[in-house]
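# Results of the structural survey
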Amino acid sequence: AGSVVTGADKPRPEHRRYGRLGLQLAFVLVFVAVGAIAVANVVAAETVFAEAQDVLHHQEADEARATAQGAAVTFRPVNWARALEPVFAVAQGSGTKLIVRDAAGRTVRASPGYRTFPSGPRLTEPVRVGGRLVGSATMKFDDHGIGALIGHFVAQRWRARLISAGFGVLYALIVAFFVAPLIAAPIDRLLMTARARGAGRPQSRVGKVRGLGDLRELA
């Protein structure tokens, strides 16, 4: 004798592509991706900033030494201030302020606005002629000139990192869209089926599932 299977008693697979577990897994994938990108960007930013600052300091030191050498070339016991005109023109063009003093510390010539120039790095180099100290050249730097170039470079690097972070998040979402169901869907359907059978629907089945081999075997 056989039993008749009615429509209500036919096995009915419980199916849902994305369950709570799948959404949690997708969130974890995105969170890990965002965290990895953030850590990588912070480390890279600190490294690049330190390197940029080192380059900036070397450039400022080189400019200060070159200015002192220019002041030495133009040195005159009389009318030195007028002979310094090309040296001050170069300093003005580079966005710095300059003051040249004689061996006694008296001001020979100073850039307009030197005293009120925004505080920043200040480098002083001796001015020597034939090995004899004849004065000093002090340069003030701010965030213009060389500093502006470094700042623009760092800003562009941050823009590139933000764009890469956006692509990284998008990639994580795409991966989660395809990977999460393969891992979470079989387990989620097991849970749904167990709950349905526990609620009095014995016809509920897991059904055929896609996913990793161990999870298919478990289902």
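Right, let's walk through the structure included here. (Residues numbered from 1 in each chain as written. Predicted model: local features only at pLDDT ≥ 70, side-chain atom pairs only at ≥ 80, totals over all residues. Heavy atoms only, no water.)

### Digging into the overall build of the protein chain
Counting its regular elements, the protein chain contains five helices and six strands. Secondary structure elements of the protein chain occur, N-terminal to C-terminal, as β-α-α-α-β-β-β-β-α-β-α. In the protein chain, which comprises 219 residues, the proportion classed as buried is 33%. Pairs at least 24 apart in sequence give 63% of the contacts found in the protein chain among residues at least 6 apart. Within the structure as shown, the protein chain displays about 13800 Å² of accessible surface, and the carbon and sulfur contribution to it stands at 63%. (Helix = DSSP H or I, 4+ residues; strand = E, 2+ residues; numbered from the N terminus. Buried < 20%, exposed > 50% of the residue type's maximum accessible area, 1.4 Å probe, protein only. Contact = heavy atoms within 4.5 Å. Areas by Shrake-Rupley, 256 points an atom, 1.4 Å probe, with all protein chains shown as cover.)

### What about helix H3 (residues 85-93)?
Of all the positions in H3, only Val87, Phe88 and Ala91 are classed as buried. Along the long axis of H3, the arc covered by the buried residues comes to 95°, so they all point the same way. Exposed residues on H3 whose side chains face more than 90 degrees from its buried face are Val90 and Gly93. Gly95 sits one or two residues past H3 and shows a positive phi near 80°. (Arc of directions from axis to C-beta.)

### Side note on the environment of Gly130
As for its position among the elements, Gly130 is in the loop between strand E4 (122-129) and strand E5 (132-140). The exposure class of Gly130 is exposed, given its relative accessible area of 86%.

### Brief notes about the nonpolar core
Among the nonpolar cores identified, the biggest contains 18 residues, and Trp80, Leu84, Leu98, Val100, Val127, Ala137 and Met139 are the most heavily contacted of them. At the level of secondary structure, the elements contributing two or more residues to this core comprise helix H1 (20-73), helix H2 (80-83), H3, strand E2 (97-102) and E5. Element by element, the count of residues in this core is highest for H1, at four residues. In contact with Trp80, other than residues within four places in its own chain, are Ala71, Thr74, Phe75, Val100, Arg101, Asp102, Val108, Val127 and Val134. (Core = buried A, V, L, I, M, F, W, Y, C linked by side-chain atoms within 4.5 Å.)

### As for the sheet that holds E5
Pairing is antiparallel across the open sheet formed by four strands, whose spatial order is E3-E2-E5-E4. If you trace the sheet from one side to the other, it starts and ends with strand E3 (107-110) and E4, each paired once. When strand polarity is set aside, the average angle formed by the axes of neighbouring strands in this sheet is 20°. In this sheet, E3 lies alongside E2 in antiparallel orientation, the contact comprising three bridges. Bridge pairing links Arg101 to Thr107 in E3. Together, E2, E3 and E5 form the strand contacts of H3, whose direction differs from that of E2 by roughly 150°. (Pairing = 2+ DSSP bridges. Axes fitted to C-alpha atoms, helices over the stretch in contact; angles between N-to-C directions.)

### Considering a nonpolar patch on the surface
Taken together, the side chains of Ile163, Phe167, Leu170, Ile174, Phe177, Phe178, Val179 and Ile183 present a nonpolar region at the surface, about 730 Å² in accessible area. Inspection of the secondary structure puts Phe178 in helix H4 (residues 146-198). (Patch = residues over 30% accessible without salt bridge, like charges linked within 9 Å, V, L, I, M, F, W, Y side chains within 5 Å. Salt bridge = Lys/Arg side-chain N within 4 Å of Asp/Glu carboxyl O.)

### Some remarks on unusual backbone geometry
Most peptide bonds take the trans configuration, and most residues that are not glycine carry a negative phi. We note that Asn79 has phi near 60°; this positive angle belongs to a residue other than glycine. On the secondary structure map, Asn79 appears in the loop between H1 and H2.

### Things to note about the packing of aromatic side chains
To describe a pair of aromatic rings, you give the distance between the ring centres and the angle between the ring planes. Considering all chains together, one arrives at one aromatic pair under this definition. With centroids separated by 4.9 Å and ring planes inclined at 80°, the aromatic side chains of Phe75 and Trp80 adopt a geometry described as edge-to-face. Of the residues examined, Phe75 reaches a relative accessible area of 19% and is grouped as buried. Among the residues examined, Trp80 registers a relative accessible area of 5% and is labelled buried. Positioned above the aromatic ring of Tyr114, the side-chain terminus of Lys140 is 4.5 Å from the ring centre. (Phe/Tyr/Trp six-rings, centres within 6.5 Å; stacked < 30°, edge-to-face > 60°. Lys NZ or Arg CZ within 6 Å of the ring centre and 35° of its normal.)

### A short note on the pairing of E5
With seven of its nine residues buried, E5 lies for the most part within the structure. Pairing geometry for E2 and E5, over six bridges, is antiparallel. Each bridged residue has a counterpart across the sheet, and for Arg101 the counterpart in E5 is Ser136. Between the antiparallel neighbours E4 and E5 lie two residues, among them Gly130 with a positive phi of about 60°.

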